[in-house]
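Listed below are the residues making up each chain.
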Amino acid sequence: MDIADVKGPVLRPGDEGYDNERAGFQALAQHRPDVIVGATDAGDVRAAVKYAAANGLPVAVQATGHGMPIAAEGGLLISTRRMAGVRVHGDTARFEAGVRWGRVIEEAAPHGLAPLSGSAPSVGAVSYTLGGGIGLMARRHGYAADQVRAIEVVTADGELRRELPGSALFWALLGGRGNFGVVTALEVGLVPVTHLYGGGLFFDRVAEAVHGWAAWTQDLPEEMTSSVAVISFPDSPELPEPFRGRRVAHVRVAYVGAREDGERLLAPLRAIGPRVVDDVRTMPYTESGSIYSDPPGPLASHNSHTLLRELPPRAVDALLGTEDALLELRHLGGALAKPGQAPVGHRDALYTQSTISRLTPGADTADARELHARVRESVSPWSTGGRSLNFLYGGNTDPAQVRLAYEPDDYRRLQELKGEWDAGNLFRLNANIPPA
Ligand SMILES: Cc1cc2nc3c(=O)[nH]c(=O)nc-3n(C[C@H](O)[C@H](O)[C@H](O)COP(=O)(O)OP(=O)(O)OC[C@H]3O[C@@H](n4cnc5c(N)ncnc54)[C@H](O)[C@@H]3O)c2cc1C
C-alpha cells in the first residue's frame, strides 16, 4: 500500500485545491502541511498513515476545523470530509470520520431517535464524541462518549482495527481522541427523542438575566439542559434590528419532556424581565441547531475555558466585571455527574465557563490571552481547575492544558497506552498526550 494508491486527492503546497482542502471553521490560523491526503475510505487512511510513518511526517486530522487544536507546520494532514457514510440500525448509528452531526440527526429522526449532539449541527460527530461531547440533552443523557459502542481506527502501524468496550485501546480512544490513531468510523447509541421544548431567550438587562439564570439552575430536573452567553453585537445593518449594537444575555434551553412541564419550569426564567426575543417552542429534534444558532463560520477566534464547581452570585458579579468578551456558561450536573465508560475528567463540575474573542485571521492573540487569563482569575475561587477536552481549541491546547482535562490516574494510564500504541508520537498535531 502506497500513497500512490490513494483514491482521493493528494495535494502539496501550490497545488490547485490545497488551500480549499486545508480550510475549515477556525480561521485564526491554518494548517500548512507538506502533504494533504483527502481520504475517501479507511484504505486511504491506512496508506496515508503508512506513508507518514515511513517518511517521519507527523499526522494531523481534520473533519470540519471546528476544533483545530494547533496549526500544523509541515507534516501530513488527513482530510476526512469525503468519508461521509451514515447508517442507522436499531438504536445504533454508524458514521464515518467526516460526518457532521446534522447528517446523523437527519438519518436518526425517521426512526424516532436522536444522537447526543451539541449546539452546532455542523460540528464533526467523531471528534465531538471522542472529546466527551456535552450535548443539548447532556443533563438527561450524559456524555456522548459514554454511548460509544464500537470504534474503527487506523493505528500508527497502519493497521485498521475494530475496538469494542473492554479493550484498553477502546478506552484510550474515548478520552485520548486522535492520540491513538485516525478514527475512520464510530458506532454510537441513539436515544428515543423526537422533539424538544427549547429555544433562546434574549435579555438586554444582562446582569439581571445572568444572575437570574444562575439562581434558576440551582434546582432543575435532569430533563432541562441550558446555558447563557453574554454577547455584544456590532451595530451592523446585516443583523436583525433587535440585536444591532446591543449587549445581550442569550439563555438557551432544551427540555426533554412535555411542553406544559417545560413552560412551568421556564416561568421563573421568563419572570426575570422583558425579553428582546423569546423563541422557545416545541420543535422537532431536526431543528435543534436553532437553539444556539451558532455562527456558520469560518470564524477566527481565541477560546479558553474552565470548569466551575458552583456559581454563586459573587462568581457572576466577578465574571460580569471583566471586559467585553463573549462569555458563556453551560450548566452541567445531572447525568453528566454519573460514572461512565469514558475517561472524561471532572464529572463533578457543575458549569463550564468559556471566553471567546473574535479576531481577524492571522491576528496576534497576546491581548486575548491576557484578557482570558483575567477572566479565569476572576472565577478561580469557584473553579475546579479542570478543562473539558472538547472546549480546548482555538489556540489553547498545550499539553499542560490537555492534562487538566483528565483525572490524574486516567492521564497516567493514557500516557502509558500512548507509549504502547504510538511511542514515536506520530499523532502529535492534536491535543497531545505525550507518551510516558
Ligand atoms: C461553534 C462550535 C460549537 C460547539 N459546540 C459544542 C457542544 O455543544 N458540545 C461539545 O461537547 N463540544 C462543542 N464544540 C467543540 C467541538 O466538539 C470540538 O471542537 C470538536 O473537536 C470539533 O470536531 P470537528 O471534527 O468538527 O473539528 P476538527 O477541527 O476537524 O477536529 C478537531 C480535532 O479532532 C481530531 N480529529 C478529528 N477527526 C478525527 C479522527 N477521525 N480521528 C482522530 N482524530 C480526529 C483532530 O486532532 C482534530 O484536529 C463546539 C465547537 C464549536 C466551534
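Residues numbered from 1 in each chain as written. Predicted model: local features only at pLDDT ≥ 70, side-chain atom pairs only at ≥ 80, totals over all residues. Heavy atoms only, no water.

> Please clarify how the domain arrangement of the protein chain should be interpreted in this entry.
It is common to give the size of an interface as the accessible area lost on bringing the parts into contact. The domains assigned to the protein chain are domain 1 (3–79), domain 2 (86–192) and domain 3 (195–401). Taken together, the 12 residues of domain 1 in the interface contact 15 residues of domain 2. Counting each side, the surface lost to burial between domain 1 and domain 2 is near 1000 Å², with a carbon and sulfur contribution of 71%. Per-residue buried area on domain 1 facing domain 2 is highest for Arg46, Thr64 and His66; these three make up 40% of the total on that side. In this structure, the connection of domain 1 to domain 2 is made through 1 salt bridge. Of the charged contacts, one joins Glu159 and Arg46 as a salt bridge, the two residues approaching to 3.5 Å between their closest N and O atoms. Viewed at the interface, domain 2 and domain 1 are joined by 2 residue pairs in polar contact (both at pLDDT 80 or more). The set of elements that each furnish at least two residues to the side of domain 1 that touches domain 2 consists of α2 (42–55) and β3 (59–62). (Domains from an automatic or database assignment. Contact = heavy atoms within 4.5 Å. Buried area = accessible area lost by both parts, 1.4 Å probe. Salt bridge = Lys/Arg side-chain N within 4 Å of Asp/Glu carboxyl O. Polar contact = N/O pair within 3.5 Å; in protein donor to acceptor, adjacent residues only side chain to side chain. Helix = DSSP H or I, 4+ residues; strand = E, 2+ residues; numbered from the N terminus.)

> What should I look at first to understand the side chain of Thr217 in this one?
For Thr217, the location among the structural elements is in the loop between α7 (206–216) and β11 (224–232). Of note is the side chain of Thr217, whose polar atom sits 2.7 Å from the backbone oxygen of Ala214.

> Can you walk me through the sheet that holds β3 in this structure?
In any sheet, the strands associate via hydrogen bonds between backbone groups, in a parallel or an antiparallel arrangement. What the 4 strands build is an open sheet, ordered β1-β2-β4-β3; its pairing is mixed. Edge positions in the sheet fall to β1 (10–11) and β3, since each of these pairs with one other strand and no more. Where strand β2 (residues 35–38) and strand β4 (residues 76–79) come together, 4 bridges link them in parallel fashion. Along β4, the bridge assignment pairs Gly38 with Ser79. Helix-sheet contacts for α2 involve β2, β3 and β4, and the interaxial angle to β4 is about 175°. (Pairing = 2+ DSSP bridges. Axes fitted to C-alpha atoms, helices over the stretch in contact; angles between N-to-C directions.)

> What is the right way to look at the nonpolar core in this model?
In summary, soluble globular proteins display a tendency toward joint burial of nonpolar side chains. Phe95, Met137, Ile151, Leu186 and Leu196 are the most contacted members of the largest nonpolar core, which totals 65 residues. Secondary structure elements with two or more residues in this core: β5 (86–89), β6 (92–96), α3 (101–108), α4 (125–130), β7 (148–154), α6 (168–176), β9 (182–189) and α12 (408–421). When residues of this core are assigned to their parent elements, the largest contribution, 5 residues, is made by α6. When residues are assigned to domains, this core turns out to be shared by domain 2 (86–192) and domain 3 (195–401), each giving three or more. Beyond its immediate stretch of four places on either side in the chain, Leu196 contacts Met137, Ala254, Tyr255, Val256, Arg281, Thr282, Met283, Tyr285, Ser288 and Ile291. (Core = buried A, V, L, I, M, F, W, Y, C linked by side-chain atoms within 4.5 Å. Buried < 20%, exposed > 50% of the residue type's maximum accessible area, 1.4 Å probe, protein only.)

> Teacher, can you tell me more about the side chain of Gln415 here?
Tracing the backbone shows Gln415 in helix α12. Beyond its immediate chain neighbours, meaning those up to four positions away, Gln415 contacts Ile433, Pro434, Pro435 and Ala436.

> Even after reading the chapter, I still don't get the sheet that holds β7, so can you show me in this structure?
On the basis of which strands lie adjacent, the open sheet formed by 5 strands has the order β5-β6-β9-β7-β8 and antiparallel pairing. Edge positions in the sheet fall to β5 and β8 (160–163), since each of these pairs with one other strand and no more. For this sheet the average axis-to-axis angle between neighbouring strands, irrespective of direction, equals 15°. When β5 meets β6, the two strands line up antiparallel, connected through 4 bridges. Opposite His89, over in β6, you have Thr92 as the bridge partner. This element, α6, spans β7, β8 and β9 of the sheet and lies at about 90° to β7.

> I would appreciate a short explanation of the packing of α6 against α12 in the present structure.
How two helices sit against one another is set out by the angle between their axes and by the gap between those axes. Put simply, α6 and α12 touch, their axes get as near as 10 Å, and they point 115° apart. Crossing handedness for the pair α6 and α12: left-handed. Of the residues in α12, those in contact with Ala168, Leu169, Trp171, Ala172 and Gly176 of α6 are Asp410, Arg413, Leu414, Leu417 and Trp421. In terms of residue class, the contact of α6 with α12 is made up of 7 nonpolar, 1 polar and 2 charged. (Left-handed = near helix turned anticlockwise from the far one by under 90°. Nonpolar A, V, L, I, M, F, W, Y, C, P; charged D, E, K, R; others polar.)

> Looking at this structure, I do not really get the packing of aromatic side chains. What am I missing?
Each aromatic ring pair is summarised here by two numbers: the centre-to-centre distance and the angle between the ring planes. The tally for this structure, following the rule as stated, stands at 6 aromatic pairs. Between the aromatic rings of Phe233 and Phe243, the centroid separation amounts to 5.1 Å while the plane-to-plane angle is 45°, which identifies the pairing as tilted. With Phe233 in the loop between β11 and β12 (247–255) and Phe243 in the loop between β11 and β12, this residue pair connects regions lying 10 residues apart in the sequence. In this structure an aromatic cluster arises from ring pairing among Phe95, Trp101 and Tyr128. (Phe/Tyr/Trp six-rings, centres within 6.5 Å; stacked < 30°, edge-to-face > 60°.)

> Looking at this structure, I do not really get the site of the ligand. What am I missing?
Around the ligand lies a shell of 32 residues, among which Ala63, Thr64, Gly124, Ser127 and Arg330 are the nearest. At a separation of 3.3 Å, an oxygen atom of the ligand approaches a polar backbone atom of Val61. Within the contact set of the ligand, an oxygen atom lies 3.2 Å away from a backbone nitrogen or oxygen of Met68. A total of 970 Å² of accessible area belongs to the ligand in isolation, and the protein chains cover 96% of it. Listing elements by their share of the shell around the ligand, those giving two or more residues are β3, α4 and β9. Sort the elements by how many residues they give to the shell around the ligand and α4 lands first, with 3 residues. In the shell around the ligand, the residues fall into 15 nonpolar, 14 polar and 3 charged. (Near = heavy atom within 4 Å. Areas by Shrake-Rupley, 256 points an atom, 1.4 Å probe, with all protein chains shown as cover.)

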